[in-house]
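Summary of structural features
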Amino acid sequence: MLSHSSIRRWAWVHKWSSLVCTVFMLLLCLTGLPLIFHHEIGDWLDDHIATPEIAHQGPMASMDTVLAAAKARQPGMVPLYMYREEDEPLQWVVRLAKTTMADSGFKHVVVDARTAQVLGEPPSEQGFMYVMFKLHVDLFAGLPGMLFLGLMGFLLVIAIISGVVLYAPFMRKLPFGEVRHARGEKLKRLDIHNLLGIVTLSWFFVVGATGVINAWSDLLVKYWQFDQMSQMIAPYKNLPLPTRFASLQQSLDVAQKTEPEMQLGFIAFPGTPYTSKHHYGIFMRGDTPLTKRLFKPVLVDAQNATLTDSRPLPWYLVALLVSQPLHFGDYGGTTLKWIWAVLDILSIIVLWTGLKLWWRKRHQYVPDVNTRILLSEAY
């Protein structure tokens, strides 16, 4: 049993951790809702480029031909990454920019994997979904914005833990989930807030915790570059930059021979953050619901297509890769997406009702109405 002073302290922690992060959590929940259905909304907005139905029985187009088609579509730009969307296995998406270190001005060229014909260019850095994504990830503020939202997520986790501590004495004399309609609006609002809060507790905790991990993604990648990538490319430290590049298809064949039980996830071109200036970074993955999220880098010399190194990702990047689909419910099909959406809406209600409870009593001296109600009901 918590003492009166303990309840007051926990109530103070819950109140201020919640107040500081609530507005930003509301923003993240509101922007996260359409992101759960980003594929479906992309189809609705006609941003999705469909694969044409053609009769094709021969081999797939060479990766060199696919890359050449994308570069011809955007002359003067350099390739950064090449990947396939999970729901479009017959397409290659090539991401290009003016330089390998660019942080804006990206172009995406979609190429038919069978014929190497350019199918189109989806809009980049514009539109409704782009705005939702940037607000959700970094508030259009880059790394400082990501770290700030990570801090807000950390405060959310504290608010959840303190809310659970307060909920236990509060429920000691009440049936689970009771909403006392007959005892005034204050109690009714508090009961609804507490009920929805405990219902969404696990989901909100998971989403908040994975959001904090995702906010550190850029720093985790930089640490991986400093830690393991530097070891993998150490023999190339003082070598001059490549003047010619080996066949991309031949380099991919080397990676597939190195990891025959895995399949291609994505390719990072020389000079991008996921590889070095001397290597194709070919990231292989498994084919199960879990292992397809976990990549293993294979560094192939970009001048002669020979293997340099291959090693599993460290635990902190594994945690990041697992947390990303978990954050958006993007690993269990449409049913899980709808569950995530419902829980997101309930969380919006929890945040809004909590904000209203504070706003109506913002001029009262601590202990506020919530603390006094908790003390009266717990003892």
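You'll find the structure just up there.
A brief structural summary.

Rules and cut-offs
- Residues numbered from 1 in each chain as written.
- Predicted model: local features only at pLDDT ≥ 70, side-chain atom pairs only at ≥ 80, totals over all residues.
- Heavy atoms only, no water.
- Helix = DSSP H or I, 4+ residues; strand = E, 2+ residues; numbered from the N terminus.
- Buried < 20%, exposed > 50% of the residue type's maximum accessible area, 1.4 Å probe, protein only.
- Contact = heavy atoms within 4.5 Å.
- Phe/Tyr/Trp six-rings, centres within 6.5 Å; stacked < 30°, edge-to-face > 60°.
- Lys NZ or Arg CZ within 6 Å of the ring centre and 35° of its normal.
- Pairing = 2+ DSSP bridges.
- Axes fitted to C-alpha atoms, helices over the stretch in contact; angles between N-to-C directions.
- Salt bridge = Lys/Arg side-chain N within 4 Å of Asp/Glu carboxyl O.
- Core = buried A, V, L, I, M, F, W, Y, C linked by side-chain atoms within 4.5 Å.
- Arc of directions from axis to C-beta.
- Polar contact = N/O pair within 3.5 Å; in protein donor to acceptor, adjacent residues only side chain to side chain.
- Parallel < 35°, antiparallel > 145°, perpendicular 65-115°, else oblique.
- 1 Å grid on protein atoms, 1.4 Å probe; cavity = no way out; pocket = protein on both sides within 12 Å on 5 of 7 lines; lining within 4 Å.
- Points joined across faces, edges and corners; volume = space filled by probe spheres on them.
- Patch = residues over 30% accessible without salt bridge, like charges linked within 9 Å, V, L, I, M, F, W, Y side chains within 5 Å.
- Areas by Shrake-Rupley, 256 points an atom, 1.4 Å probe, with all protein chains shown as cover.
- Expected span 1.5 Å × (residues − 1).

Thoughts on the overall build of the protein chain
Scanning the protein chain from N- to C-terminus turns up 12 helices and 8 strands. Going through the 379 residues of the protein chain one by one, you find that 46% of them count as buried. Once local pairs closer than 6 in sequence are excluded, the contacts in the protein chain between residues at least 24 apart make up 64%.

Topic: the packing of aromatic side chains
For the structure on display, the rule yields 15 aromatic pairs. Arranged with centres 6.1 Å apart and planes meeting at 90°, the rings of Tyr 274 and Phe 283 form a pair that is edge-to-face. Using a relative accessible area of 31% as the deciding quantity, one classes Tyr 274 as partly exposed. Residue placement shows Arg 95 over the ring face of Phe 106; its charged tip is 4.0 Å from the ring centre.

Details of the sheet that holds strand β7 (residues 295-301)
What the 8 strands build is an open sheet, ordered β4-β3-β2-β1-β5-β6-β7-β8; its pairing is antiparallel. One side of each edge strand has no neighbouring strand; the edge strands of this open sheet are β4 (118-120) and β8 (307-310). Looking at each pair of strands side by side, their axes are set apart by 30° on average, direction ignored. Direction of pairing for strand β2 (residues 91-97) relative to strand β3 (residues 107-112): antiparallel, over a ladder of 6 bridges. The residue of β3 that forms the bridge with Gln 91 is Asp 112.

Notes on the pattern of salt bridges
Under the counting rule described, the total for this entry stands at 7 salt bridges. Arg 73 is paired through a salt bridge with Glu 121; the nearest N and O atoms lie 3.0 Å apart. One end of the pair, Arg 73, is in helix α3 (residues 63-73); the other, Glu 121, is in the loop between β4 and α4 (128-137), and 48 residues separate them in sequence. Assessed through its relative accessible area of 39%, Arg 73 is described here as partly exposed. Of the charged contacts, one joins Asp 112 and Arg 114 as a salt bridge, the two residues approaching to 2.8 Å between their closest N and O atoms. Judged by its relative accessible area of 2%, Asp 112 is buried.

Observations regarding the nonpolar core
If you look at soluble globular proteins, the nonpolar side chains tend to sit buried side by side. Within the largest apolar cluster, 28 residues are counted, with the highest numbers of intra-cluster contacts made by Met 63, Met 82, Leu 248, Leu 264, Ile 267 and Ile 282. For this core, the secondary-structure elements that each account for two or more residues are α3, β2, β3, α9 (248-258), β5 (263-268), β6 (279-285) and β7. The dominant element in this core, judged by the number of residues it contributes, is α3, at 5 residues. Residues contacting Leu 248, with those up to four places away along its chain left out, are Met 63, Asp 64, Leu 67, Met 82, Ile 267, Phe 269 and Tyr 280. Leu 19, Leu 35, Leu 336 and Trp 340 belong to the second largest nonpolar core, which has 27 residues in total.

Considering unusual backbone geometry
Even without being glycine, Ala 116 reaches a positive phi, approximately 60°. Assignment of secondary structure puts Ala 116 in the loop between β3 and β4. Unlike most non-glycine residues, Leu 139 shows phi in positive territory, near 60°. Along the polypeptide, Leu 139 turns up in the loop between α4 and α5 (142-170).

Overview of α9
By the burial criterion, the buried members of α9 are Leu 248, Ser 251, Leu 252, Val 254 and Ala 255. In an axial view of α9, the angular spread of the buried residues amounts to 155°, which keeps them on one side of the axis. Against the buried residues of α9 lie α3, β1 (78-83), β5, β6, β7 and β8. At the N-terminal boundary of α9, the capping side chain belongs to Ser 247, with an oxygen 3.3 Å from the backbone nitrogen of Gln 249.

Topic: the environment of Gly 163
Secondary-structure assignment places Gly 163 in helix α5. On the accessibility criterion, Gly 163 (22% relative accessible area) is partly exposed. Distance from Gly 163 to Ser 18, taken between C-alpha atoms, is 9.4 Å for residues 145 residues apart in sequence.

Details of the packing of α3 against α9
Relative to each other, α3 and α9 sit at 135°, their axes nearing to 7 Å. What the angle tells us is that α3 and α9 run oblique. Note on element contacts: α9 touches α3 through Leu 248, Gln 249 and Leu 252, opposite Met 63, Asp 64 and Leu 67.

Points about the layout of surface pockets
There is about 340 Å³ of room inside the second largest pocket. What lines the second largest pocket is a set of 18 residues, and nearest its centre among them are Val 78, Pro 79, Phe 245, Phe 269 and Pro 270. Counting only elements with at least two residues in the lining of the second largest pocket, the list comes to α3 and β1. Here the element with the most residues in the lining of the second largest pocket is α3; it accounts for 3 residues.

Considerations on a nonpolar patch on the surface
Nonpolar side chains collect at one region of the surface, where Trp 10, Ile 161 and Phe 205 lie side by side and expose about 260 Å² of accessible area between them. Mapped onto the secondary structure, Phe 205 falls in helix α7 (residues 201-215).

Describing helix α10 (residues 315-328)
Between the first and last C-alpha of α10 there are 21 Å, a value that for 14 residues agrees with the 20 Å anticipated at 1.5 Å per step. Taken as a whole, α10 has its buried residues at Tyr 316, Leu 317, Leu 320, Leu 321, Ser 323, Pro 325 and His 327.

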